[in-house]
Amino acid sequence: MADINCNAEMTAYHRDEVTLSLNQQRDMRTRRDAGRTRLENGLDTAEKPQPREVRSQGSYQMRTMVQDPENDYDIDDGAYFRHDDLKDDDGLDLSPLVARQRVCDALKWDGRFKQEAEVKSNCVRQAYAAGYHIDVPVYRVMIVKDWQGNETERYELASGDAWVISDARAVTRWFNNKVKELNENDSELNEGQADGSQLRRVTKLTKKFARRADWKAKTTSGITITKLVVDHFVASADRDDTSLRETWKKINAALVWSTQVAHPVVDKNLAESGDEQVTHFRTCLKAALDTLAALDKDDCTRAQARQAWDDVFDTTFFSDQPDPDASKKAAAGGSVMEVTKVETARRDDGGGRFG
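Keep in mind that what you see is a predicted model, and the values were worked out from it rather than measured. (Residues numbered from 1 in each chain as written. Predicted model: local features only at pLDDT ≥ 70, side-chain atom pairs only at ≥ 80, totals over all residues. Heavy atoms only, no water.)

Student: Where do I start with helix α1 (residues 7-18) in this structure?
Tutor: Counting along an α-helix, one turn takes 3.6 residues, and residues three or four places apart therefore face a common direction. Listed in full, the buried residues belonging to α1 are Asn7, Glu9, Met10, Ala12, Tyr13, His14 and Val18. Those residues of α1 that are buried are in contact with α6 (198-210), α8 (240-257) and α10 (302-313). (Buried < 20%, exposed > 50% of the residue type's maximum accessible area, 1.4 Å probe, protein only. Helix = DSSP H or I, 4+ residues; strand = E, 2+ residues; numbered from the N terminus. Contact = heavy atoms within 4.5 Å.)

Student: Would you mind going over the pattern of salt bridges with me for this structure?
Tutor: Two side chains of opposite charge can pair, provided their charged atoms sit close to one another. Counted according to the given criterion, the structure contains 33 salt bridges. A salt bridge links Arg169 to Asp167; the nearest nitrogen and oxygen atoms lie 3.1 Å apart. Glu246 is paired through a salt bridge with Lys249; the nearest N and O atoms lie 3.1 Å apart. With Glu246 and Lys249 both in helix α8, this residue pair falls three residues apart, about one helical turn. Assessed through its relative accessible area of 33%, Lys249 is described here as partly exposed. (Salt bridge = Lys/Arg side-chain N within 4 Å of Asp/Glu carboxyl O.)

Student: Just to check I follow, could you spell out α10 for this structure?
Tutor: With twelve residues, α10 extends 17 Å from end C-alpha to end C-alpha; this agrees with the ideal 16 Å at 1.5 Å per step. Residues Arg302, Ala305, Arg306, Ala308, Trp309, Asp310, Val312 and Phe313 constitute the buried set of α10. A positive backbone phi angle near 55 degrees is found at Asp314, which sits one or two residues after α10. (Expected span 1.5 Å × (residues − 1).)

Student: Whenever I open this one, empty space enclosed by the protein confuses me. Can you help?
Tutor: A probe matching the size of a water molecule, rolled over the atoms, marks out where space remains unfilled. All told, the structure shown has one cavity of 30 Å³ or more when counted by the stated rule. The volume enclosed by the largest cavity comes to roughly 90 Å³. In terms of lining, the largest cavity is formed by Arg32, Gly35, Arg36, Leu39, Val54, Asp77, Leu107, Gln126, Tyr128, Ile134 and Val136. Residues of the lining of the largest cavity, tallied by class, amount to six nonpolar, two polar and three charged. (1 Å grid on protein atoms, 1.4 Å probe; cavity = no way out; pocket = protein on both sides within 12 Å on 5 of 7 lines; lining within 4 Å. Points joined across faces, edges and corners; volume = space filled by probe spheres on them. Nonpolar A, V, L, I, M, F, W, Y, C, P; charged D, E, K, R; others polar.)

Student: What is the right way to look at the packing of aromatic side chains in this model?
Tutor: The geometry of two aromatic rings is summed up by the distance between their centres and the angle between their planes. In this structure the tally under the stated criterion is 16 aromatic pairs. Each ring, one from Tyr13 and one from Phe318, has its centre 5.1 Å from the other, and the planes form 35 degrees; the classification is tilted. One end of the pair, Tyr13, is in helix α1; the other, Phe318, is in the loop between α10 and α11 (326-331), and 305 residues separate them in sequence. Each member of the pair Tyr13 and Phe318 is classed as buried. Judged by centre distance (6.1 Å) and plane angle (80 degrees), the rings of Phe317 and Phe318 are edge-to-face. Phe318 carries the same exposure label as Phe317, and that label is buried. Above the ring of Tyr80, the side-chain terminus of Arg169 is found at 4.0 Å from the ring centroid. Just above the ring of Trp215 sits the side chain of Arg212; from NZ or CZ to the centre is 4.1 Å. (Phe/Tyr/Trp six-rings, centres within 6.5 Å; stacked < 30°, edge-to-face > 60°. Lys NZ or Arg CZ within 6 Å of the ring centre and 35° of its normal.)

Student: I would appreciate a short explanation of the environment of Lys208 in the present structure.
Tutor: Within the secondary structure, Lys208 sits in helix α6. Sequence separation between Lys208 and Asp68 is 140 residues; the distance between their C-alpha atoms is 8.3 Å. Residues in contact with Lys208, not counting those within four places in the same chain, are Tyr13, Glu17, Val18, Val66 and Gln67. A polar atom in the side chain of Lys208 sits 3.2 Å from the backbone oxygen of Gln67. (Polar contact = N/O pair within 3.5 Å; in protein donor to acceptor, adjacent residues only side chain to side chain.)

Student: Any chance you could explain the nonpolar core here in plain terms?
Tutor: Generally speaking, a soluble globular protein has its nonpolar side chains buried in company with each other. One finds Leu199, Phe209, Leu244, Trp248, Phe281, Trp309 and Phe313 to be the most contacted residues of the largest nonpolar core, which totals 47 residues. Within the residue set of this core, elements represented by two or more residues are α1, α5 (168-185), α6, α7 (222-232), α8, α9 (276-292) and α10. If we ignore the near neighbours within four places in the chain, the residues touching Phe313 are Met10, Tyr13, Leu205, Phe209, Leu244, Trp248 and Phe318. By size, the runner-up hydrophobic cluster in this structure holds 26 residues, among which are Leu20, Met28, Ile75 and Ala158. (Core = buried A, V, L, I, M, F, W, Y, C linked by side-chain atoms within 4.5 Å.)

Student: It is not clear to me how unusual backbone geometry should be interpreted in this structure. Could you clarify?
Tutor: In most cases, non-glycine residues show a negative phi, while peptide bonds are predominantly trans. The residue Asn71 is not glycine, and still its phi comes out positive at about 55 degrees. Relative to the assigned elements, Asn71 resides in the loop between α3 (59-62) and β2 (74-82). The backbone of Asp314 sits at a positive phi, close to 55 degrees, despite the residue not being glycine. By secondary structure assignment, the location of Asp314 is in the loop between α10 and α11.

Student: Can you walk me through the packing of α6 against α8 in this structure?
Tutor: Helices that pack against each other are described as a pair by the angle of their axes relative to one another and the distance between those axes. In the contact formed by α6 and α8, the axes pass within 10 Å of each other and the chain directions differ by 65 degrees. For α6 against α8, the interelement crossing comes out right-handed. For the pair α6 and α8, contact is made by Gln198, Arg201, Val202, Leu205, Thr206 and Phe209 and by Asp240, Ser243, Leu244, Thr247 and Trp248, respectively. Tallied by class, residues from the contact of α6 with α8 come to five nonpolar, four polar and two charged. (Axes fitted to C-alpha atoms, helices over the stretch in contact; angles between N-to-C directions. Left-handed = near helix turned anticlockwise from the far one by under 90°.)

Student: Help me out: how do you make sense of the pairing of strand β4 (residues 124-127) in this one?
Tutor: Bridge count between strand β3 (residues 118-119) and β4: two bridges; the pairing is antiparallel. Across the sheet, Glu118 pairs through a bridge with Arg125, a residue of β4. Connecting β3 to the antiparallel partner β4 that follows it, the hairpin turn spans four residues. Counting the residues between successive antiparallel strands, the hairpin from β4 to strand β5 (residues 133-136) contains five residues, one of them, Gly131, with a positive phi of roughly 120 degrees. (Pairing = 2+ DSSP bridges.)

Read these as spatial facts, not as claims about activity.
This is the structure we're talking about:
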């Protein structure tokens, strides 16, 4: 069986086409910080209490955001208020909708934005002309006692017409702990990498795959994809291409059995059996794996392997890459022989196989 090593191409694709550039990351932080300042100024102007804390969450905080050609990015920046600070003038608890409206009014306090903040069912959204938006989920922090009388904090999200127990920061901790566990188990996976681990890279590559322009509105959510990758991750030292493909195989096998996906930190499901968006993701994944079956042919060439990855990611990036072994060949006196695995040795000139 052939084993064309496309790790160099995959690493370059992840770096150049998947990970946000430093300028994009800097711009995100600037927008986020400006949003926090607007919230603070708006609440002060309205003489309303400030949140106890504001914390980024979701893919921004997990560092799994991926490039989007339409700048369709969202930053989740949760506002956590003390319970006593979300009351009306009569001292009554604000309803979830009124709490979100208070935050929304604060964000548009000076009327400077052409596109004003708006109340959504689970957050307040501030859209920007550049194409992305900041979502501000509104939480209240409740002090409750456990069965031993010890006080603990409980976080409730203003969701629709209800206060729902929720804390997205727990999801961030869950993912980052998974990354940490893998790094501790196999430090080589993190060696020389700027963004943490192979798990994070495979998660981002999978999200990039699923968010192709014509699939984006049909596929499942980023957190569902992240959960699937974590549950079925297959590590492969120095081979992100292998890790990605093997992880996809396990995800596909699981989704053939059921599209139900459990939430990582609370007792509910991200998707139920028969979920339409997960089913769409599974269909795309199956097609990608069928395309990548070309890599298993004994006479598969590097050019064919690159084309398969191009087809999967709907790009020409892989085929456009320089040959990573060119310098080795030059040093060896211009030989065009490429050895990829013990079963075969082949020419890198179009597929003539030897041995």
